[in-house]
Amino acid sequence: MRARVVTWWTILRIALEERLVYRGDFALGTLMRFLPIVTQIFLWWAVFESVGAGNRSGGTVAGYRFEEMVAYYLLTMVSRAFSSMPGLASGVAAQIRTGEIKKYLIQPVDMLGFLLLNRLAHKLAYYSVALLPFALVFYLCRGYFVSGWPDAATLAAYVLCLLLSFLLGFFLEVSIGLIGFWFLEVSSLLFVYMLFNFFLSGHMFPLDMLPAPWKGIVDVLPLKYLAYFPASVFLGKVDRAELIRNLWIEAGWVLFFVVLARVTFHRGVKRYSGFGG
Amino acid sequence: MAIIELRQLAKSFRVYQKSEGLLASVRGLFRRRYREIQAVGGIDLDVEQGEFVAFLGPNGAGKTTTLKLLSGVIYPTGGTAQVMGFVPWRRDNAYRRRFALVIGQKNQLWWDLPAQESFRLHQQIYRIAPDAFQQRLDELTSLLDVGRLLKQPVRELSLGERMRMELIAALLHSPEVLFLDEPTIGLDVVAQRNIQQFLKYYQQQRRITILLTSHYMKDVAALCQRVVIIVQGAIRYDGSLSGILDRFSGHKVVTLQLADDGDANGFARFGQVLEVQPPRVKLRIARKDVTEVLAAILAQHAIEDVAVEDPPLEEVIAKVFSEASLLPARGAAPGPDGPAEQV
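No experiment lies behind these values; they were computed from the predicted model shown. (Residues numbered from 1 in each chain as written. Chains lettered and ligands numbered in written order. Predicted model: local features only at pLDDT ≥ 70, side-chain atom pairs only at ≥ 80, totals over all residues.)

Asks: Sorry, what's going on with the interface of chain A and chain B here?
Replies: Quite often, the size of an interface is put as the accessible area lost when its parts meet. Facing the 21 residues of chain A at the interface are 24 residues of chain B. For the side of chain A that touches chain B, the secondary structure elements donating two or more residues are helix H1 (2–19) and helix H6 (102–106) of chain A. For the side of chain A that touches chain B, the leading source of residues is H1(A), giving 8 residues. Considered class by class, the residues forming the side of chain A that touches chain B number 10 nonpolar, 6 polar and 5 charged. (Contact = placed C-beta atoms within 7 Å. Helix = DSSP H or I, 4+ residues; strand = E, 2+ residues; numbered from the N terminus. Nonpolar A, V, L, I, M, F, W, Y, C, P; charged D, E, K, R; others polar.)

Structure representation (structure tokens):
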């Protein structure tokens, strides 16, 4: 067990070192993440203005005041900082296609565990760079958080949501990447997934705005845990019973995708014919 | 018991067959025709502990597929294999800690980090004790002369340097069985020789078992006591390198240096004239006739110098490859004319 922990630590440390090699690209990428949100805020500002529910009027659109909407977007950014996995699925598929995956089959190391640690390192490096700009933006926008900080219990639940959303995002994308064992190119599939993700995770708009049948649908899908759910927990829009129920469901989804990824990997390797020399 | 044991090991692939043209591409969207390709066609092979065996064969003969099967990267479609008592494709960690696969021009090291970091990771993955790790690392870096390069990012190393690092990474856990897939491909002559010398020394010191595929006869001649020729997924020859000449080449090349440069003609009656460059004449003479013919030549001509040589190995092997591919593929085949010679 101890040896295993040391191995994990070494993988994590080396992956972290690798991440820090391209410092410039990394810092720039982190900062650019703030750009899309600015356009979204302007868009909603225009929407609120046009229905006469603008900034100071206190009016609401679908139960959201303008300030809450801005706060919601800032919070989905935090959610996505945990749950989004840039390049993961396509990277796995590419490793299958180019034969790089052989490395994991030959060496006594578990590929999924290795990738998870790698991604963890990726995220840690990202947070270390992004922490300052995030803090700055949140400080400047503190006025939009009209109900202030949530209580300690909610905050703890929020952190738990974020950690689960990391695992959910990871195993979901790995499962998609592993489809590469059957279809060498998964980029179109990934595009479709990203599209659904964008709308159904709450990245585009708060999901409770959706009318009846749609709201029921997004509720049973795992995607809402990637952006919407943590944000609404922070905003205090989820009552305690609902929160606990949803946390269990989220944990269930994580487990589902862990098992799915494992089974897919196992089957895929059996099918694998060692492409690329 | 042999350390590597293959029995009727077979692997076939299904390959999509597409006719030329756009229309065929569109048709391929709905109905695909596949062709079964027999990469390895049921081979039997035993390798004893401490042997250094070369796999020779034209591209696509099944050499690499065999190595992949033995490394557990792919599953066979038939037959069995055991390496050190393990079934490779079960990929037991106990097995994976005891062998290594090195593929020329394929990178297993972390591209952006110094090789040292990758080695450190291997130490953990393979659970190598710290003092054993340090001792092996020191030994390997000094043998391969890369001590000064350990701190340099791998992407900034030359191909030859990188290959040496790959070898170190593969040998740190002291594997008992080593599979080398064209380890010297693309390297210059000096780098090739360095790797050869290292492998030769290391194998003799440790008595590990090595299976090597290579297209460079120099690698094979320098390293391997035993050569297995695979063509179209079947073993065509199994024996010593010199045995290939005995079996497949019935000729010697005789070069004569004439004392008087006048009469370079009239040698056709002794054998096939390969080259006439007075005062030198090159003849191809059947092996069994060499002494007789040479005596006749010496009796009739004033000869200053004689050299009797085997034809170049590459030439003979090229002949074996092309002749074998004309034969129908067979299973574990003795050579075309008799049982395989065992070493």
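Asks: Before we go on, may I ask you to explain the packing of H1(A) against helix H7 (residues 111–140) of chain A in this structure?
Replies: Two packed helices can be described by the angle between their axes and the distance between those axes. All names here are of chain A. It is the contact of H1 with H7, at a shortest axis distance of 8 Å, that shows an interaxial angle of 45°. The angle between H1 and H7 places the two elements in the oblique class. At the point where H1 passes H7, the crossing takes the right-handed sense. Counted together, Trp8, Ile11, Leu12, Ala15, Leu16 and Arg19 of H1 and Phe114, Leu117, Asn118, Leu120, Ala121, His122, Leu124 and Ala125 of H7 form the full contact between these two elements. Taken together, the residues of the contact of H1 with H7 sort by class into 11 nonpolar, 2 polar and 1 charged. (Axes fitted to C-alpha atoms, helices over the stretch in contact; angles between N-to-C directions. Parallel < 35°, antiparallel > 145°, perpendicular 65-115°, else oblique. Left-handed = near helix turned anticlockwise from the far one by under 90°.)

Asks: I'm lost on the environment of Asp112(B) in this one. Help?
Replies: Counting through the fold element by element, Asp112(B) comes out in the loop between strand E5 (99–103) and helix H4 (115–125). Residues Asp112(B) and Leu171(B), spaced 59 residues apart in sequence, show a C-alpha to C-alpha distance of 21 Å. Those residues in contact with Asp112(B) that lie beyond four places of it in its chain are Glu18(A), Val21(A), Pro153(B) and Arg155(B).

Asks: How should I be thinking about the sheet that holds strand E4 (residues 78–83) of chain B in this particular structure?
Replies: All names here are of chain B. Across the sheet, 3 strands lie side by side as E2-E1-E4; this open sheet has antiparallel pairing. Of all strands in the sheet, those with a lone pairing partner are strand E2 (33–47) and E4, marking the two edges. Taking each pair of neighbouring strands and ignoring which way they run, the sheet shows an average axis angle of 30°. For strand E1 (residues 4–17) and E2, the ladder comprises 12 bridges, and the chain directions are antiparallel. The residue of E2 that forms the bridge with Gln17 is Arg33. (Pairing = 2+ DSSP bridges.)

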